[in-house]
Amino acid sequence: MRNSLHFVAHSLAIATLGAIVAGCGGKKSDSNNTTTTAPVTSGGAPTSQLVLVSGGNQTATVGDQLGQPIRVMAQDAQGNPIAGVQVLFQPTVDALGQGSLDFQLSSPSDVTGDDGMAETFVTTSTVAGSNNVRVMAPDLPDASQLLVSNFGTPAPATALVLEAGDTQAAVANQNFGAPLVVAVADQFGNPVPDPPPR
């Protein structure tokens, strides 16, 4: 009888140990079912810009229209054209504070087409010198801007302008104290350098 009870107890112990082992190790870890999620990072707004296509560093006689329009292209980070971007054109001075502001633009704004292009024509000021245009695209993420400079040169000489030496008095047959100075100017009063002889 004692042997029978011992056998039963031993069998129960083995069965209990087996159940514990099965309970602990019955589930296997399957590394192939593990999902790894890559971190999502934000690179911010795509870079965009205005690129000058044509219309810079031109020269025309004062009061005349430049030969080419100021034409710019709105581009994305890959250089593709961006349509539907409002582009503003504004007379301004250069970095040294120089330049006329009274020249004319055919349009102060334009909207880029499918080719990403926007343009305006410039009629130079009647004052000789630089005509600077600030080109802006406020709707682009980086509020891109360009400074485009062109130049107006004096028109043909039409007049002599007294610059110094008048209203002097001197004794007869004596020289005046200062020389009489005149300048050759165009119809707008711009000095004409080295006018051709007549």
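The structure under discussion appears in the preceding block.
The structure presented is a predicted model; accordingly, all values stated were derived computationally and were not measured.

Caption draft 1: Seen up close, the overall build of the protein. The helix and strand tally for the protein stands at 1 helix and 12 strands. Starting at the N terminus and walking to the C terminus, you meet the elements of the protein as α-β-β-β-β-β-β-β-β-β-β-β-β. Per-residue burial over the protein gives 24% buried out of 198 residues. Restricting the contact set of the protein to residue pairs at least 6 apart, pairs at least 24 apart contribute 61%. When the accessible surface of the protein is totalled, it reaches about 13300 Å², and 55% of it is carbon and sulfur.

Caption draft 2: Representation of unusual backbone geometry within the structure. You will see that Asn57, though not glycine, has its phi angle at about 55°, which is positive. Along the chain, Asn57 turns up in the loop between strand S1 (49-54) and strand S2 (59-61). Overall, the relative accessible area of 65% leaves Asn57 in the exposed class.

Caption draft 3: Spotlight on the pairing of strand S7 (residues 117-120). With burial as the criterion, only one face of S7 is covered, namely that bearing Ala118 and Thr120; the residues Met117 and Glu119 on the opposite face remain uncovered. For strand S3 (residues 70-75) and S7, the ladder comprises 4 bridges, and the chain directions are antiparallel. Opposite Val72, over in S7, you have Ala118 as the bridge partner.

Caption draft 4: Spotlight on the sheet that holds S1. Taken together, 3 strands build an open sheet; the order of strands is S1-S3-S7 and the sheet is antiparallel. Edge positions in the open sheet fall to S1 and S7, since each of these has one partner strand only. Averaged over all neighbouring strand pairs, the angle between strand axes comes to 30°, with direction disregarded.

Caption draft 5: Spatial organisation of the pattern of salt bridges. Applying the stated criterion across every chain yields a total of 1 salt bridge. Among the salt bridges present, the one from Glu119 reaches Arg71, with a minimum N-O distance of 2.7 Å. With Glu119 in strand S7 and Arg71 in strand S3, the pair connects residues that are 48 residues apart, well separated along the chain. Residue Glu119 is classed as partly exposed on the basis of its relative accessible area, which comes to 28%.

The rules behind each value
- Residues numbered from 1 in each chain as written.
- Predicted model: local features only at pLDDT ≥ 70, side-chain atom pairs only at ≥ 80, totals over all residues.
- Heavy atoms only, no water.
- Helix = DSSP H or I, 4+ residues; strand = E, 2+ residues; numbered from the N terminus.
- Buried < 20%, exposed > 50% of the residue type's maximum accessible area, 1.4 Å probe, protein only.
- Contact = heavy atoms within 4.5 Å.
- Areas by Shrake-Rupley, 256 points an atom, 1.4 Å probe, with all protein chains shown as cover.
- Pairing = 2+ DSSP bridges.
- Axes fitted to C-alpha atoms, helices over the stretch in contact; angles between N-to-C directions.
- Salt bridge = Lys/Arg side-chain N within 4 Å of Asp/Glu carboxyl O.

Bear in mind that shape data such as this cannot, by itself, settle questions of function.
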